[in-house]
Amino acid sequence: MSSVAQPLAENLVQSVDWLAIAPPTLTALVGLVVLVADLFVGETRKPLLGWVSVAGLAASALLLLPLLGDDRSTFCVDGTHACSYTADNFTLVIQFLVLGGALLAALLSVTTLKDAERQLPEGEYWFLLLSSAAGAALLPASRDLATLIVALEVASLPAFALVGIRHGDRKSSEAALKFFLSSVTATAVSLMGISFVYASTGTLYLIQVADRIQHVDGQLHTLAQTGVVLTLVGFAFKTAAVPFHFWVPDTYVGAPLPIAAYLSVVGKAVGFTGLILVTVLAFPSYADVWGPALAALAALTMTVGNVGALRQQATRAYSAVRLLAWSSVGQAGYLLVPIAAAAYSGHPQQSVGSTVAYALMYAAVNLGAFAVAALVGRTKTANRLTDYRGLYARNPLAALLLAFFLLCLAGLPPGIIGLFAKVTVFSAAVDAGLGWLAVIMAVNVVVALFYYLQWTALLFRAPEGEPVEHRIPAPLTAAIALTGVLGIALSGAPQLVLRFADTGLF
């Protein structure tokens, strides 16, 4: 080997920081273990696979603790600051949200699979859930466009299969197909955008893209601008932003309820994380392009989502799940506001902290609402809003917790964390000079109060017929209790989450 080629070859050999990559790696390994074990475990012992998966997700979340307070990067290009994987504060917060959300979805899944009486393939189910969680945990650490899009697809592809995992269920298959086709189209558009960015800058590393895209040749300026817009499309789809939201209601209804809960929180976190990374880290110089676009998307998304939730008929089958689906679209609009505001801020990396704070609040209470919906769905399979009438008489604790979760989403006391999170997002818009967006958000918050309070009132009405008590399985009880404790703790000490709104996470 020549003396010139040898240093070049040495530069291509990258050291691996195994501790930094441990959380997503362990999640993926547990997924493989579960898939292989499924071949050797008898039918009566299949539930063990679920508990192994829950333990694996808990262990992956615990592996975040040694990484606290220490920014670590790996897969770096020698002699530069360009790295493919970085475990900084932003990464750790989002990985906690993703792995915690996946853990709660796994607890809900244990009960769902048991109730399905072997109609759902357990080994495949747990493998797909863990694979998706591994991809979602990898995404916030990704610092180049190639790793980012691979992580996005690793998080998404298993989710398509999970939505359609009920064999012979037409509703489930239709939901999976709609989710798959629309998502693949959005990903293809994003890949084209990334190819345009690469053609303009000659690099995929976010930190290098941010520097080089400011100095592209005049004849490549239009190509770079088009690349920025197209790259954002795929992530806007994952956030369920309007007009990329049409798959949400049918997908949530067709999927097993724990998967709907997973998509509503972890799927959304994937989209917002990707948006934050490409806008704030890769394309800060194109803020005049993505800033107004995201502000318009935020206004449109929160309005369409809340109007869709408002139109749900209480007696329609699956109206409770549909309301949560449309509500999640509306909440996505609020989450987009600080990212749009970052374009008009002198400190864009600090502005997006409000989105992270709001996402943590939303994750805890929305998973809690889905957990109570899973409880009601065990006896009322149609899961109508009218099925929640008199829930307080049947199960006082579940009714009180659901009322608390809904009030958090509405931003009303005693859901203090929901109120504070909304004020934080509202402040981000005002501070950025987006007064018109703050006004639209205020109107939407008032509109949302109607359907959240309407559902809450149903819980305490006199039940139709005698209330019948049913034994609640331990995993479902644990999921409801965990989200309840988390929501109450955050309302008691909102600074635990809101501090992220005032600090630079990168």
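Residues numbered from 1 in each chain as written. Predicted model: local features only at pLDDT ≥ 70, side-chain atom pairs only at ≥ 80, totals over all residues. Heavy atoms only, no water.

**Digging into the overall build of the chain**
Phase 1: Counting secondary structure elements, the chain contains 21 helices and two strands.
Phase 2: Whereas a compact globule of 506 residues would reach a radius of gyration of roughly 23 Å, the chain reaches 22 Å, a difference of no more than 12%.
Phase 3: With the C-alpha coordinates aligned to their principal axes, the bounding extent of the chain is approximately 85 × 60 × 40 Å.
Phase 4: Considering the chain as a whole, with its 506 residues, one finds that 58% of them fall into the buried category.
Phase 5: For the chain, the accessible surface area stands at approximately 19,800 Å², while carbon and sulfur atoms represent 65% of it.
Phase 6: Placing the 25 positive and 26 negative side-chain charges of the chain at their respective mean positions leaves the two points 13 Å apart. (Helix = DSSP H or I, 4+ residues; strand = E, 2+ residues; numbered from the N terminus. Rg over C-alpha atoms; globule rule 2.2 N^0.38 Å. Buried < 20%, exposed > 50% of the residue type's maximum accessible area, 1.4 Å probe, protein only. Areas by Shrake-Rupley, 256 points an atom, 1.4 Å probe, with all protein chains shown as cover. Lys, Arg positive; Asp, Glu negative; His and termini not counted. Charge placed at Lys NZ, Arg CZ, Asp CG, Glu CD.)

**Some words on the state of the cysteines**
By definition, a disulfide links two cysteine residues through a covalent bond between their sulfur atoms.
Phase 1: Tallied over the entire structure, the rule returns one disulfide.
Phase 2: For C76, the disulfide goes to C83, at an S-S distance of 2.0 Å. Measuring handedness by torsion sign, the sulfur bridge of C76 and C83 sits at about 105° and is right-handed. Judged on exposure class, the residue C76 and its partner C83 are both buried. (Disulfide = S-S within 2.5 Å.)

**Things to note about the packing of aromatic side chains**
Phase 1: Within the structure shown, the criterion is met by eleven aromatic pairs.
Phase 2: Ring centres 4.7 Å apart and planes at 15° place the aromatic pair F179 and W247 in the stacked group. Placement of F179 in helix 7 (residues 170-201) and of W247 in the loop between helix 9 (221-238) and helix 10 (248-254) is noted, with a sequence separation of 68 residues between them.
Phase 3: Taking the relative accessible area as the measure of exposure, F179 reaches 3% and is therefore buried.
Phase 4: For W247, a relative accessible area of 4% gives the class buried.
Phase 5: Taking 6.3 Å as the distance between ring centres and 65° as the angle between the ring planes, the aromatic pair formed by Y252 and F370 counts as edge-to-face. Of the two residues, Y252 is situated in helix 10 and F370 in helix 15 (residues 353-377); the sequence distance between them amounts to 118 residues. Accessibility classification places Y252 together with F370 in one group, the buried group.
Phase 6: Taken together, the aromatic side chains of F160, F179, F180, F237 and W247 make up a single cluster linked through ring pairs. (Phe/Tyr/Trp six-rings, centres within 6.5 Å; stacked < 30°, edge-to-face > 60°.)

**So, the confidence of the model for the chain**
Phase 1: Here the chain shows a mean pLDDT of 87. Residues at 70 or above account for 95%.
Phase 2: Mean pLDDT across the secondary structure elements of the chain bottoms out at helix 1 (residues 5-12), with 49, and peaks at helix 2 (residues 22-37), with 94. (pLDDT = per-residue confidence, 0-100.)

**Some words on the environment of V34**
Phase 1: Note on placement: V34 falls in helix 2.
Phase 2: Spatially, the C-alpha atom of V34 lies 26 Å from that of S142, the residues being 108 residues apart in sequence.
Phase 3: When sequence neighbours within four positions are dropped, the list of residues in contact with V34 reads L49, V52, S53, G123, W126, F127 and L130. (Contact = heavy atoms within 4.5 Å.)

**Some words on the side chain of N383**
Phase 1: Among the secondary structure elements, N383 is positioned in the loop between helix 15 and helix 16 (391-394).
Phase 2: With a relative accessible area of 4%, N383 lands in the buried category.
Phase 3: In this structure N383 touches L257, Y318, S319, A320, V321, A373, V376, G377 and Y388, once residues within four positions along its chain are discounted.

**Details of the packing of helix 3 (residues 47-62) against helix 5 (residues 122-138)**
Phase 1: As a packed pair, helix 3 and helix 5 sit with axes 9 Å apart at the nearest point and diverge in direction by 10°. The pairing of helix 3 with helix 5 is recorded here as roughly parallel in orientation. Together, P47, L49, G50, S53 and L57 of helix 3 and E122, G123, W126, L130 and A133 of helix 5 make up the contact between the two elements.
Phase 2: Of the residues contributing to the contact of helix 3 with helix 5, the split by class is six nonpolar, three polar and one charged. (Axes fitted to C-alpha atoms, helices over the stretch in contact; angles between N-to-C directions. Parallel < 35°, antiparallel > 145°, perpendicular 65-115°, else oblique. Nonpolar A, V, L, I, M, F, W, Y, C, P; charged D, E, K, R; others polar.)

**So, unusual backbone geometry**
Leaving glycine aside, a negative phi is the common case for residues, and trans is the common case for peptide bonds.
Phase 1: For the bond running from V242 to P243, omega is 10°, close enough to zero to count as cis.
Phase 2: With an omega dihedral of 5°, the bond running from P413 to P414 counts as a cis peptide bond.
Phase 3: For A240, which is not glycine, the phi dihedral falls at a positive 65°.
Phase 4: Look at Y318: it is not a glycine, yet its phi comes out positive at around 65°.

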